[in-house]
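Next come the chains, spelled out residue by residue.
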Amino acid sequence: MITGTHTILYSADAEADRAFFRDVLGFPHVDAGGGWLIFAAPPSEIALHPTEDAPKHELMLMCDDVHRTVAELKEKGVVFTQPISTQRWGHLTAFRLPSGTEVGLYEPLHPVAHG
């Protein structure tokens, strides 16, 4: 039986990105040994989208109020890479991790699976 998901983000600066998830986003975590932090993720969903390009994966964090979340994260020095836009499925933006990796942030306008 599948009991969860384990998401891996490959990073040019894993230490800085781990500190960001710990200190800025405040994700609970455990130390798997030697400072190797494993973060508890909030409830998640998996969506499967068609593509004619090479398959890829994206990380999109979800929130209840994207405007409030962006304001809170900007106060902590988070750099956003795109303005908030409204898509058919939600309000979308993105920010950079310390390594330069971009992470999406959105407020869903659709029903969520983890209700």
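Residues numbered from 1 in each chain as written. Predicted model: local features only at pLDDT ≥ 70, side-chain atom pairs only at ≥ 80, totals over all residues. Heavy atoms only, no water.

A. Quick peek at the nonpolar core. With 16 residues, the main nonpolar core has Phe20, Phe95 and Leu105 as its most contacted residues. When residues of this core are traced back to their parent elements, those giving at least two are helix H1 (14-24), helix H2 (66-75) and strand S6 (102-108). (Core = buried A, V, L, I, M, F, W, Y, C linked by side-chain atoms within 4.5 Å. Buried < 20%, exposed > 50% of the residue type's maximum accessible area, 1.4 Å probe, protein only. Helix = DSSP H or I, 4+ residues; strand = E, 2+ residues; numbered from the N terminus.)

B. Expanded view of the side chain of Thr93. Its place among the elements puts Thr93 in strand S5 (residues 90-96). Judged by relative accessible area, Thr93 falls into the buried class, the value being 1%. Here the side chain of Thr93 touches Gln82 through a polar contact of 2.6 Å, landing on its backbone oxygen. Those residues in contact with Thr93 that sit more than four places away from it in its chain are Val66, Val70, Phe80, Gln82, Pro83, Ile84, Val103, Gly104 and Leu105. (Polar contact = N/O pair within 3.5 Å; in protein donor to acceptor, adjacent residues only side chain to side chain. Contact = heavy atoms within 4.5 Å.)

C. Looking closely at H1. For H1, the complete set of buried residues consists of Asp17, Arg18, Phe20, Phe21 and Val24. Within two residues after H1, Gly26 carries a phi angle of roughly 70 degrees, on the positive side.

D. Quick look at the pattern of salt bridges. With the rule as written, the count across this model stands at four salt bridges. Across the pair Glu15 and Arg18 runs a salt bridge, and its minimum N-O distance is 2.8 Å. Highlighted residues: Glu15 and Arg18, both in helix H1, separated by three residues, approximately one helical turn. When its relative accessible area of 53% is taken as the criterion, Glu15 is described as exposed. Across the pair Glu72 and Arg68 runs a salt bridge whose closest N-O atoms are separated by 3.6 Å. Pair noted here: Glu72 and Arg68 are both in helix H2, with a separation of four residues, about one helical turn. Via salt bridges that share partners, Asp65, Arg68 and Glu72 belong to a single interconnected network. (Salt bridge = Lys/Arg side-chain N within 4 Å of Asp/Glu carboxyl O.)

E. Focus on the environment of Gly100. By secondary structure assignment, the location of Gly100 is in the loop between S5 and S6. Judged by relative accessible area, Gly100 falls into the partly exposed class, the value being 32%. With 69 residues separating them along the chain, Gly100 and Asp31 place their C-alpha atoms 24 Å apart.

F. Structural detail: the side chain of Arg18. On the accessibility criterion, Arg18 (12% relative accessible area) is buried. At 2.8 Å, the side chain of Arg18 forms a polar contact with the side chain of Glu15. In contact with Arg18, other than residues within four places in its own chain, are Gly35, Trp36, Leu37 and Phe39.

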